[in-house]
2 protein chains.
Amino acid sequence: MCQLLGMNCNVPTDIVFSFTGFAHRGGRTDTHHDGWGIAFFEGKGVRHFVDHQAAIASPIAELIKQYPIKSTNVIAHIRKATQGQVALENCHPFVRELWGRYWVFAHNGDLKDFFPQLKGTFTPVGNTDSERAFCFLMQELRARFPDTQPDLAVLRASVAELVGQIAAHGTFNMMLSDGTALFAHCSTKLCYIVRQHPFTAAHLSDEDLSVDFATVTTPRDRVAIIVTEPLTVNEKWTEFALGELLVFVDGMPLPGHAIA
Amino acid sequence: MCQLLGMNCNVPTDIVFSFTGFAHRGGRTDTHHDGWGIAFFEGKGVRHFVDHQAAIASPIAELIKQYPIKSTNVIAHIRKATQGQVALENCHPFVRELWGRYWVFAHNGDLKDFFPQLKGTFTPVGNTDSERAFCFLMQELRARFPDTQPDLAVLRASVAELVGQIAAHGTFNMMLSDGTALFAHCSTKLCYIVRQHPFTAAHLSDEDLSVDFATVTTPRDRVAIIVTEPLTVNEKWTEFALGELLVFVDGMPLPGHAIA
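In this text the structure is predicted, and so the values were computed from the model without any measurement.

A. Representation of the interface of chain A and chain B. Of the residues lining the interface, 32 residues belong to chain A; the matching set on chain B comes to 32 residues. Both faces considered, chain A and chain B share a buried interface measuring about 2700 Å² in area, 54% of it formed by carbon and sulfur atoms. Arg96(A) is the partner of Glu97(B) in a salt bridge, and the nearest nitrogen-oxygen pair spans 3.1 Å. There are 18 residue pairs in polar contact (both at pLDDT 80 or more) connecting chain A and chain B. Taken together, the elements giving at least two residues each to the side of chain A that touches chain B come down to β3 (45–51), α2 (59–66), β5 (94–98), β6 (101–108) and α3 (129–144) of chain A. Counting residues per element, the side of chain A that touches chain B draws most heavily on β3(A), which supplies seven residues. Residues of the side of chain A that touches chain B, tallied by class, amount to 14 nonpolar, eight polar and ten charged.

Have a look at this one:
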């Protein structure tokens, strides 16, 4: 299975520390070497990097580890191909525009016999179950709200319902963001942590690297990291319930939760 | 005005040499410092890099100059803001999906009072005249060919007609590609060169750098470079006619031409 990493914050934050550990799972501490990708929102704009080389061997991954791009919403993915060949167009995250916003999506899992009726408004470029699921999600959201993006509470209920339909076909751990909120759904495995004042030091589980967040933050910063498996060894990560959809805004999950 | 650079080839080729000269126009040999961007097709996939820093100061531009990404279709842009503030979402090239292919678009010029009726299938994320023009193009092409991409000759005629409508509003030098063909339209300024066997040496006009293409090519390689102003001082560049739309496939312009 693939690995997912998401970040949602209340102030633009760099993901260098978490990405450094995560990238090692692409070909070194794990066997996910069929490409990787990461998307950073910067306001309404997106920086989108994909590569079908293993993250551990990628010069672009190296750049990201060294160049602190600050963002309030990030989604990253390391691919272990289950459906679709190893090709750039099959690397997550995928990006589409809806309601005049870019939407970024990444999936970990495997959907069986999932061939929804796609009507041409969003068509997959590659041949993965994941991109089909994303196009279906975008198509159905636009069908429900043809003109403008609904309020977050309304959108959340619709996403939960659609995600439930997709997840009935198999494993559907996924992350989705429009740059203001980050939706994360757990079929089988996902956990998160909220880092906020008082910040402490964290030590990566995939590489011998520590950072003392107290030295690089202000007391009002809040950062949620959502990931397939905990990235650090000395912090307490919260596991998602199976079937849970959480929506992160300003570095924390919204109250209440939807079981999709 | 902005600067445009395109490459269309019959075999995947790196654009390091041309981009090196071009990037110097972003803040050093010219005053286009309001961001830049480049998109490389790799099969059906796209690597898309945008930055609102000047190209001359951008770590991502530095990576591209050093890391030979091979592609058959590339579009790059250096921005001098005329409409829309300096922001990531206003950096060209823009990317949208149509008919299950990514389409990449960049524009140089200025459109006056261009507010076409956009029906929601393609909506601008930023606030430039350029992205409005791109969304209009995509919307109208899908309206004419709702299901699948037409033959290139048919598509070319439609693009020429739509580009003509847009260009009536002002200056519309533009490049558009789906990864198989590169459409280039000249309102005021665009030129191209086809490099093929026997290859010779070329010397950049913006930096003291030469390359002998004979040492890095095979006799069957063919590369078209399309750019706002000639990049080299010792080669013969062909100027587009005003109003000319050329379509480049496999490293050369298709015979015939459409005046849009």
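B. Expanded view of the relation of the copies chain A and chain B. Of the two same-sequence chains, chain A is brought onto chain B (RMSD 0.0 Å, axial shift 0.0 Å) by a rotation of 180 degrees. Taken together, the rotation and translation relating the two chain copies correspond to the operation of a two-fold axis. When each C-alpha of chain A is compared by its distance to the rotation axis, His48(A) comes out closest, at 3.2 Å. A share of 100% of interface residues in chain A that are also interface residues in chain B marks the association as one of identical surfaces.

C. Layout of the pattern of salt bridges. The final tally for this structure, using the stated rule, is 16 salt bridges over all chains. In this structure, Glu161(A) engages Arg144(A) in a salt bridge whose closest nitrogen and oxygen atoms are separated by 3.1 Å. You can see Glu161(A) sitting in helix α4 (residues 152–167) and its partner Arg144(A) sitting in helix α3, a full 17 residues away along the chain. Among the residues examined, Arg144(A) registers a relative accessible area of 32% and is labelled partly exposed. Linking Glu131(B) and Arg96(B) is a salt bridge whose minimum nitrogen-to-oxygen distance equals 2.9 Å. In this pair, Glu131(B) is assigned in helix α3 (residues 129–144) and Arg96(B) in strand β5 (residues 94–98), connecting sequence segments 35 residues apart. Residue classification places Glu131(B) among the buried residues on the basis of a relative accessible area of 0%. If you follow the salt bridges from partner to partner, you end up with Glu42(A), Arg47(A) and Asp51(B) in one network.

D. Examining empty space enclosed by the protein more closely. By the definition in use, this model includes three cavities of 30 Å³ or more. What the largest cavity holds in volume is close to 460 Å³. Taken together, 31 residues line the largest cavity, and the ones lying closest to its centre are His48(A), Val95(A), Tyr102(A), His48(B) and Val95(B). For the lining of the largest cavity, the secondary structure elements donating two or more residues are β3 and β5 of chain A together with β3 (45–51) and β5 of chain B. Its residues assigned to classes, the lining of the largest cavity comprises 18 nonpolar, six polar and seven charged.

E. Here's a closer look at unusual backbone geometry. Omega for the peptide link from His92(A) to Pro93(A) comes to -10 degrees, which places this bond in the cis form. With respect to the helices, strands and loops of the structure, Pro93(A) is situated in the loop between β4 (70–78) and β5. If you check the backbone angles, Trp99(A) has positive phi at about 55 degrees while not being a glycine. Positionally, Trp99(A) belongs in the loop between β5 and β6. A positive phi is found at Asp113(B), a non-glycine position, where the angle reads about 50 degrees. Its location among the elements puts Asp113(B) in the loop between β6 (101–111) and α3. Judged by its relative accessible area of 67%, Asp113(B) falls in the exposed class.

F. Representation of the packing of α3(A) against α4(A) within the structure. Residue and element names in this part refer to chain A. The geometry of α3 relative to α4 is characterised by a closest axis approach of 10 Å and an angle of 140 degrees between their N-to-C directions. Considered as vectors, α3 and α4 are oriented oblique to each other. Considering how the two elements wind past one another, α3 and α4 form a crossing that is right-handed. Side by side, α3 and α4 meet where Ala133, Phe136, Leu137, Glu140, Leu141 and Arg144 of the first sit next to Leu155, Ser158, Val159, Glu161, Leu162, Gln165 and Ile166 of the second.

G. Up close: the side chain of Asp221(B). Residue and element names in this part refer to chain B. Relative to the elements of secondary structure, Asp221 occurs in the loop between β11 (210–212) and β12 (222–227). Despite being buried, Asp221 has no salt bridge partner; Arg220 is the closest side chain of opposite charge, sitting 5.1 Å away. A polar contact of 2.6 Å, which involves the side chain of Asp221, links it to the side chain of Thr218. When neighbours within four sequence positions are excluded, Asp221 is seen to be in contact with Asn10, Val11, Arg195, Gln196, His197 and Phe199.

H. Representation of the packing of aromatic side chains within the structure. Inspection of the entire model under this criterion finds 23 aromatic pairs over all chains. Taken together, a centroid distance of 6.1 Å and an interplanar angle of 90 degrees make the contact between Phe40(B) and Phe49(B) edge-to-face. Under the relative-accessibility criterion, Phe40(B) is labelled buried at 1%. Taking the relative accessible area as the measure of exposure, Phe49(B) reaches 3% and is therefore buried. With centroids separated by 4.9 Å and ring planes inclined at 5 degrees, the aromatic side chains of Phe105(B) and Phe134(B) adopt a geometry described as stacked. With Phe105(B) in strand β6 and Phe134(B) in helix α3, this pair connects stretches of sequence that are 29 residues apart. No difference in accessibility class separates Phe105(B) from Phe134(B), as the two residues are buried. Through a chain of ring-to-ring contacts, the aromatic side chains of Phe40(A), Phe49(A), Phe40(B) and Phe49(B) assemble into a single cluster.

Procedures and definitions
- Residues numbered from 1 in each chain as written.
- Chains lettered and ligands numbered in written order.
- Predicted model: local features only at pLDDT ≥ 70, side-chain atom pairs only at ≥ 80, totals over all residues.
- Heavy atoms only, no water.
- Contact = heavy atoms within 4.5 Å.
- Buried area = accessible area lost by both parts, 1.4 Å probe.
- Salt bridge = Lys/Arg side-chain N within 4 Å of Asp/Glu carboxyl O.
- Polar contact = N/O pair within 3.5 Å; in protein donor to acceptor, adjacent residues only side chain to side chain.
- Helix = DSSP H or I, 4+ residues; strand = E, 2+ residues; numbered from the N terminus.
- Nonpolar A, V, L, I, M, F, W, Y, C, P; charged D, E, K, R; others polar.
- Least-squares fit on C-alpha atoms with pLDDT ≥ 70 in both.
- Buried < 20%, exposed > 50% of the residue type's maximum accessible area, 1.4 Å probe, protein only.
- 1 Å grid on protein atoms, 1.4 Å probe; cavity = no way out; pocket = protein on both sides within 12 Å on 5 of 7 lines; lining within 4 Å.
- Points joined across faces, edges and corners; volume = space filled by probe spheres on them.
- Axes fitted to C-alpha atoms, helices over the stretch in contact; angles between N-to-C directions.
- Parallel < 35°, antiparallel > 145°, perpendicular 65-115°, else oblique.
- Left-handed = near helix turned anticlockwise from the far one by under 90°.
- Lys, Arg positive; Asp, Glu negative; His and termini not counted.
- Phe/Tyr/Trp six-rings, centres within 6.5 Å; stacked < 30°, edge-to-face > 60°.

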